[in-house]
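Here is what each chain is made of, one letter per residue.
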Amino acid sequence: MSYLEVKNLKKVYSSHKGGTAVEALKNVNFSVEQGEYVAIMGESGSGKSTLLNILAALDKPTAGSVRLDGRNFAEIREAEVAVYRRDNLGFVFQEFNLLDTFTLEDNIYLPLVLAGKRYPEMNGLLEPIAKKLGIADILKKYPYEVSGGQKQRAAVARAIITSPKIILADEPTGALDSRSTDELLRLFSEINEAGQTILMVTHSVKAASSANRVLFIKDGEVFHQLYRGQDSNEQLYSKISETLTLLATGGERA
Amino acid sequence: MKRYYYPRLAFDGIRKNKQMYVPYLLTCIGMVMMYYIMAFLKSSEMIFNMRGGRSIQAYLNLGSWVILIFACIFLFYTNSFLIKRRMKEFGLYNILGMQKKNIARILLWESIGIYVVSLGLGLLFGIAFSKLFELGLLNLLNAKVDYMLSLSLHAILASMAGFLVIFFLLYLNTLRRIHFSTAISLLKTENTGEKAPKGNLLIALLGLMLLGGAYYIAVTIKEPLAAVMLFFVAVIMVIVATYMLMISGSVVLCRLLRKNKRYYYKPQHFVSVSSMAYRMKRNGAGLASICILATMVLVMLSSTASLFLGQEDSLRNLYPRELVGKFTMENMEAVSKENCAKLCAKLDEACSESGAEKRNFFGYRRAAVTVLFQGDFMNTDPELTGDFSLEGVKNITNVFFVGLEDYNAVTGDTRVLGENEVLLYEERMDYPEKTVTFPNHVTYQVKEKVDQFMDRNVAGELVIPTLIVIVPDFDEDIGPLVDAYGRYSDHTKYEPVSVSWNYGFDTGLTTEQQIELNETIYEKFHGPEGESEFGIHYFSVDAREGERADFYSIYGGLFFLGIVLSVVFLTAAVLIIYYKQISEGFEDYARFEIMQKVGMTKKEIRKSINSQLLTVFFLPLLGAGIHMLFAFQIIDRILLLFELNNTLLFAGVCLLCFIVFGVFYAVVYRRTSKVYYNIVSGGRA
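Residues numbered from 1 in each chain as written. Chains lettered and ligands numbered in written order. Predicted model: local features only at pLDDT ≥ 70, side-chain atom pairs only at ≥ 80, totals over all residues. Heavy atoms only, no water.

Enquirer: Help me understand the overall build of chain A, please; the structure alone is not making it clear to me.
Expert: For chain A, the count of helices and strands is eight helices and 10 strands. Over its C-alpha trace chain A gives a radius of gyration of 18 Å, about what one expects of a compact globule, namely 18 Å for 254 residues. Referenced to the eigenvectors of the C-alpha coordinate spread, the extents of chain A come out at roughly 55 × 45 × 35 Å. Out of the 254 residues in chain A, the part that is buried amounts to 54%. For chain A, restricting intrachain contacts to residue pairs at least 6 apart in sequence, the fraction spanning at least 24 positions comes to 70%. For chain A, the accessible area works out to roughly 11400 Å², and carbon and sulfur atoms hold 47% of it. With 30 positive and 32 negative side-chain charges, chain A shows a separation of 4 Å between the mean positions of the two kinds. (Helix = DSSP H or I, 4+ residues; strand = E, 2+ residues; numbered from the N terminus. Rg over C-alpha atoms; globule rule 2.2 N^0.38 Å. Buried < 20%, exposed > 50% of the residue type's maximum accessible area, 1.4 Å probe, protein only. Contact = heavy atoms within 4.5 Å. Areas by Shrake-Rupley, 256 points an atom, 1.4 Å probe, with all protein chains shown as cover. Lys, Arg positive; Asp, Glu negative; His and termini not counted. Charge placed at Lys NZ, Arg CZ, Asp CG, Glu CD.)

Enquirer: Where do I start with helix α11 (residues 267–278) of chain B in this structure?
Expert: Every α-helix carries 3.6 residues per turn, so stepping three or four residues along brings you back to the same face. An ideal rise of 1.5 Å per residue puts 16 Å on 12 residues; α11 of chain B measures up with 17 Å between its terminal C-alpha atoms. The set of residues buried in α11 of chain B consists of His269, Phe270, Val271, Ser272, Val273, Ser274, Ser275, Met276, Ala277 and Tyr278 of chain B. Buried residues belonging to α11 of chain B abut α3 (104–114) of chain A together with α9 (224–259), α10 (261–264), α12 (280–309), α21 (544–598) and α22 (602–641) of chain B. (Expected span 1.5 Å × (residues − 1).)

Enquirer: Is there a simple way to think about a positive patch on the surface in this case?
Expert: Residue and element names in this part refer to chain B. Taken together, Arg606, Arg670, Arg671 and Lys674 make up a surface patch of like positive charges. If you tally residues by element for the positive patch, the top one is helix α23 (residues 647–680), at three residues. Within the element layout of this structure, Arg606 appears in helix α22. For Arg606, a relative accessible area of 46% gives the class partly exposed. (Patch = residues over 30% accessible without salt bridge, like charges linked within 9 Å, V, L, I, M, F, W, Y side chains within 5 Å. Salt bridge = Lys/Arg side-chain N within 4 Å of Asp/Glu carboxyl O.)

Enquirer: Please explain the packing of helix α2 (residues 18–42) of chain B against helix α5 (residues 100–140) of chain B as it appears in this structure.
Expert: A pair of packed helices is characterised by two quantities: the angle between their axes and the separation of those axes. Residues and elements named next belong to chain B. Remark: α2 packs on α5, axes separated minimally by 6 Å, with the N-to-C direction vectors making an angle of 45°. Considering the angle they form, α2 stands oblique to α5. Considering only the axes of α2 and α5, their crossing is right-handed. Taken together, the residues of the contact of α2 with α5 sort by class into 22 nonpolar, four polar and two charged. (Axes fitted to C-alpha atoms, helices over the stretch in contact; angles between N-to-C directions. Parallel < 35°, antiparallel > 145°, perpendicular 65-115°, else oblique. Left-handed = near helix turned anticlockwise from the far one by under 90°. Nonpolar A, V, L, I, M, F, W, Y, C, P; charged D, E, K, R; others polar.)

Enquirer: Could you clarify how one ought to interpret the nonpolar core in this entry?
Expert: Burial of nonpolar side chains together is a common tendency in soluble globular proteins. Formed by 186 residues in total, the largest nonpolar core has its most connected members in Ile135, Phe188 and Ile240 of chain A together with Tyr24 and Phe163 of chain B. Ranked by the residues each element gives to this core, the list is headed by α21 of chain B, at 24 residues. Excluding residues within four positions of it along the chain, Ile240 of chain A makes contact with Met41, Val205, Ala208, Ser209, Val214, Phe216 and Leu226 of chain A. Listed in part, the 50 residues of the second largest apolar core include Phe327, Val436, Tyr485 and Phe539 of chain B. (Core = buried A, V, L, I, M, F, W, Y, C linked by side-chain atoms within 4.5 Å.)

Enquirer: Quick question: what am I supposed to make of the pattern of salt bridges here?
Expert: Opposite charge on two side chains permits them to pair, given that their charged atoms come into close proximity. All names here are of chain B. In this structure the tally under the stated criterion is 31 salt bridges over all chains. Arg548 is paired through a salt bridge with Glu545; the nearest N and O atoms lie 2.7 Å apart. Separated by three residues within a single helix, Arg548 and Glu545 lie in helix α21, roughly one turn from each other. Accessibility assignment for this pair places Arg548 and Glu545 in one class, buried. What you see here is one network of salt bridges that share partners, running through Glu312, Arg316, Glu545 and Arg548.

Enquirer: Help me out: how do you make sense of the interface of chain A and chain B in this one?
Expert: Interface size is often expressed as the accessible area that is lost when the parts come together. On the chain B side, the residues contacting the 29 residues of chain A number 27 residues. For the pair chain A and chain B, the two sides together bury roughly 2500 Å², of which 64% comes from carbon and sulfur. When residues of chain A are sorted by the area they lose upon contact with chain B, Thr101, Leu114 and Tyr144 of chain A head the list and together hold 24% of the total. Summed over the shared surface of chain A and chain B, the result is one salt bridge. The shortest N-O distance in the salt bridge between Arg591 of chain B and Asp100 of chain A comes to 3.2 Å. Listing elements by their share of the side of chain A that touches chain B, those giving two or more residues are α2 (78–88), α3 and α4 (119–133) of chain A. Of the residues forming the side of chain A that touches chain B, the biggest block, six residues, is contributed by α3 of chain A. Of the residues in the side of chain A that touches chain B, the class split is 18 nonpolar, three polar and eight charged. (Buried area = accessible area lost by both parts, 1.4 Å probe.)

Enquirer: Hey, could you run me through the pairing of strand β8 (residues 198–202) of chain A in this one?
Expert: Regular strands have side chains that alternate between both faces of the sheet. All names here are of chain A. Most of β8 is tucked away: five of the five residues are buried. Burial of β8 is two-sided: the residues Ile198, Met200 and Thr202 facing one way and the residues Leu199 and Val201 facing the other way are all buried. Alignment of strand β7 (residues 166–170) against β8, held across four bridges, turns out to be parallel. Residue Asp170 lies in a different strand from β8, and its bridge partner there is Val201. In the classification by handedness, the crossover that spans β7, the intervening helix α6 (residues 178–193) and the parallel β8 is right-handed. (Pairing = 2+ DSSP bridges. Right-handed = clockwise from strand over helix to strand, strands pointing away.)

Enquirer: What's the story with the packing of aromatic side chains in this structure? I'm lost.
Expert: The description of an aromatic ring pair uses the distance of the two centres, along with the angle that the planes make with each other. Under the criterion given, the structure shown has 42 aromatic pairs over all chains. Members of the aromatic cluster, each reached through a chain of ring pairs, are Phe327, Phe361, Trp501, Tyr503, Phe505, Tyr522, Phe525, Phe534 and Phe539 of chain B. (Phe/Tyr/Trp six-rings, centres within 6.5 Å; stacked < 30°, edge-to-face > 60°.)

Enquirer: So what exactly am I meant to see when it comes to a nonpolar patch on the surface here?
Expert: Residues and elements named next belong to chain B. Together, Val117, Leu121, Leu124, Phe125, Phe129 and Leu132 make up a nonpolar patch on the protein surface, roughly 510 Å² of accessible area in all. Looking at the secondary structure, you find Leu124 in helix α5. In this structure Leu124 comes out as exposed when scored by relative accessible area, which is 56%.

Enquirer: Can you help me understand the side chain of Asp413 of chain B in this one?
Expert: Residues and elements named next belong to chain B. With respect to the helices and strands, the residue Asp413 is situated in the loop between α17 (404–411) and β5 (421–427). Taking the relative accessible area as the measure of exposure, Asp413 reaches 18% and is therefore buried. Apart from the residues lying within four places of it in its own chain, the contact partners of Asp413 are Tyr407, Asn408 and Gln452.

Next up, the structure:
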């Protein structure tokens, strides 16, 4: 059995007044092995965000199942979902989602504090991470005092400090300039090399080309996937571009 | 369609923000209503015609101005929340190509709409409730009532004009805010945390010193007159200190809490402490306002309620018997025993004419002088005793000389005094010396201090500390003093020693008969013949029942005003709390959403909200309680000026007010925290 298993996932949104139902996900199947770095690509409206919300346990599928490390999401009770999310999942968002009432340090501690950890322990966890992410000097600053790249690195620190089973990244480079984007992607690769499983949703080819495997979603289904194999980032980049062109021009399934 | 474009935009704006506008409208309506009622009562014929009605209407006039000014300040405060909330919307209009003058037009329609609605409903409710308030007031005053509903054109016009000015000012203020902002700044919503104000610790220390000073004044003042003089100084000091302390104090507190890592990094404190620190200045100002309003309500309500409840006491303090009188005589000869017996005979004459029987009679001779004690010496230099500065007022003492014979007769005591010995009775003072030296430099030994003079303190003058000196023989010991320093001495050099014969007795007659008898007594002594026959300088005779209506009108009027203003201030405090919660709720919404994504459970959110609200809510209540505790004594002293000498009653009323207020506050807390929770959890609670 794979580490993350998504089976026959289906999500239908229907408005309350009994109007038209929208099928966001038709039938999604894929799996992710431990230590993998997977990117999911797709255009706006392809169902990416719905998929991510379900993987993040923020939303429930209409049908199908998600299993992480053998645990079926459907079995988790409503009251435990938040705790499960905090302990097992790490998040990196496009808009960083840092709280402006906290310093970067406290933002990073947030999930640990919620888990009831003590300060010395948290501080011990943070030190190596902060050094690795290059934010050790700005930990005492507030989000509105630092750049977007620094904010995103703090958000990454927050995601990995709990040693989650998987990191879910939603367009992590969407709000970054190109230099910060490069830096962040390099960090992701490093973190992944250290054994962290990462699942990233993006429509940036550049971001996707740093992953080991790329899934393409179209109209609520996994349409295609690419493996890095021995390719360099640049080679993967051009393969992704070709696939996207194919998808856009309505090519048949490969 | 085009014609109604602006009114419609204005209406939509209000409708879409109803969570903010409904309370605002209610405030406006409430303020108009209260103002109308006050304006109505102050020109009510019914009140004007009753006894003491004029003094009540003077209070009501004052009250109506207080309400108008308060309404102005308070509506400015609440309106600023509304503007802030709508800035984004105006920014959008601006970017979509609407000029500022068009926005001004929308706002004009909006202001007109709010004015019309609040005035219309306010006046409607005002008219409906004015009768209720009138009846309530008349009931407090024990006056006769009729049940005709009436309205006052004058009051309606006054409300329309008063609030037109207020709303116009509000409109101008909004325009000013819009004018000085650009489209981008209107749209911009990024929040940055507040920086701690510079010299924060200094402000905190200064606030602490001010508060300490105010408390020191409040606790150490013993003399009622000085209390009045210093009360308002202390009030201002407390208000300023509360703002300083709540603002800078909350910053310091947050900093300390954050430094305490074991406390700070706990799930229930982590979020609340940081968001308090984030808006510490605004928070502090809001808390201080609530605290001060709460204190005002407590002070007003408990003092006026005590006066009202204690008015029978006060009446008995001033008039220890049903009928009392005081004859101030020309000289020592006129206050001779024989002469006083003649006065007494006249009283008996009046009584037998009215068929009354004298009961509980007392009559005694008294010499009175205002002095400044220097050691044991009673200095009567007018330069010193006429000093109504703070220091002067503290040290001035009334001295009453009474003969031992009268003392024993009045109190039923059987004391004996040797030559050059006196007994002392202290009223609101502590006489430290072992001897007393009279103004004519004769010195007496203090044999003993006695703890009674009359069964009620007829000494009456509660305002200034009073020392009653009981001398062995009134004529022998006081005669020389009165001769030398009496009415005909040089008053530029000495305070005059005045002599009087005082009486009091009960009759067992009906109220009307008592008042009638008092008239008869008055007639016996009235006029040049009566006065010269006995050597009366002037005299006053009073029937307690005759004074009762005046008492009720003053104390009832004050109590009424206290209730009305308390309601107004309380409403204000509640609205401040409400707006604080709503505006913070909107700010915190995004934050709690993020926290939920990161893995905060609903339960944890509730917990952290509770921790935050609890601090925010009960800090002002605690502050108000402490203020009240320290203000207790000074207010108790001031109540003496109103002849209320019943600390126990006042304490009880204070406690009751605080409990009632606390319960009310807790209810408000529950309601608003629910609103807050609904907002931050996106209405999904």
